[in-house]
Amino acid sequence: MKLVIAVVQDKDSNRLSNALVKEGFRATKLASTGGFLKAGNTTFMIGIEDDRVPEVMKVIKANCKVRDQLVTPVSPMGGSTDSYIPFPVEVQVGGAAVFVIQVERFEHY
């Protein structure tokens, strides 16, 4: 058995959740926050049999898209901020960070 942990951007969360249910996957959703952009994410935990990992990966890939977003960097922590002019920069956000972990034991009560 495997535990698939997928961290996805909130914009993709509902679409992925609906697709997982449609394909027969049961998942637990957790609210999470990204460290770089300090933006909301959703973390899905999906327990599945080893042979179904490719199926769930396909569903995740089809429903979580990378997109470009303009962000304004925070001011520098040290030194003078008089000359600091925050220009928006374009970064890629979204997609999914997926971890597949071997489960040694699973019990349901």
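As the structure is a prediction and not an experimental result, all values here were calculated from the model.

(A) Quick peek at the overall build of the protein. Counting its regular elements, the protein contains two helices and six strands. Sequence-ordered secondary structure for the protein, helices as α and strands as β, is β-α-β-β-α-β-β-β. Burial status across the protein gives 28% buried among its 109 residues. Here the protein has roughly 7,800 Å² of accessible surface; of this, 56% comes from carbon and sulfur atoms.

(B) Representation of the sheet that holds strand β2 (residues 28-33). In spatial order, the strands read β2-β3-β1-β6; together these four strands make up an open sheet with antiparallel pairing. With one partner strand each, in any of the chains shown, β2 and β6 (96-102) form the two edges of the open sheet. In this sheet, neighbouring strand axes are inclined to one another by 20° on average, regardless of whether the strands run parallel or antiparallel. In the sheet, strand β1 (residues 2-9) pairs with strand β3 (residues 40-48) via eight bridges, with the strands oriented antiparallel. Looking across to β3, one finds that I5 is bridged to M45.

(C) Representation of the pairing of β1 in the model. Taking burial as the measure, the eight residues of β1 include six buried ones, the bulk of the element. Sheet topology places β1 next to β6; seven bridges connect them, and they run antiparallel. By the bridge assignment, V4 is partnered in β6 with V100.

(D) Broad picture of the confidence of the model for the protein. In this model, the protein carries an average pLDDT of 84, and 74% of its residues clear a pLDDT of 70 or more. Across the protein, the element-wise mean pLDDT spans from 68 in strand β5 (residues 89-94) up to 96 in helix α2 (residues 53-63).

(E) The arrangement of the packing of helix α1 (residues 10-22) against α2 in detail. One way to put it is that α1 packs onto α2 with a least axis distance of 9 Å and a crossing angle of 145°. Seen from above, α1 lies across α2 with right-handed handedness. Note on element contacts: α2 touches α1 through V56, V59, I60 and N63, opposite D12, R15, L16, A19 and L20. A breakdown of the residues in the contact of α1 with α2 according to their chemical character gives six nonpolar, one polar and two charged.

Calculation rules
- Residues numbered from 1 in each chain as written.
- Predicted model: local features only at pLDDT ≥ 70, side-chain atom pairs only at ≥ 80, totals over all residues.
- Heavy atoms only, no water.
- Helix = DSSP H or I, 4+ residues; strand = E, 2+ residues; numbered from the N terminus.
- Buried < 20%, exposed > 50% of the residue type's maximum accessible area, 1.4 Å probe, protein only.
- Areas by Shrake-Rupley, 256 points an atom, 1.4 Å probe, with all protein chains shown as cover.
- Pairing = 2+ DSSP bridges.
- Axes fitted to C-alpha atoms, helices over the stretch in contact; angles between N-to-C directions.
- pLDDT = per-residue confidence, 0-100.
- Left-handed = near helix turned anticlockwise from the far one by under 90°.
- Contact = heavy atoms within 4.5 Å.
- Nonpolar A, V, L, I, M, F, W, Y, C, P; charged D, E, K, R; others polar.

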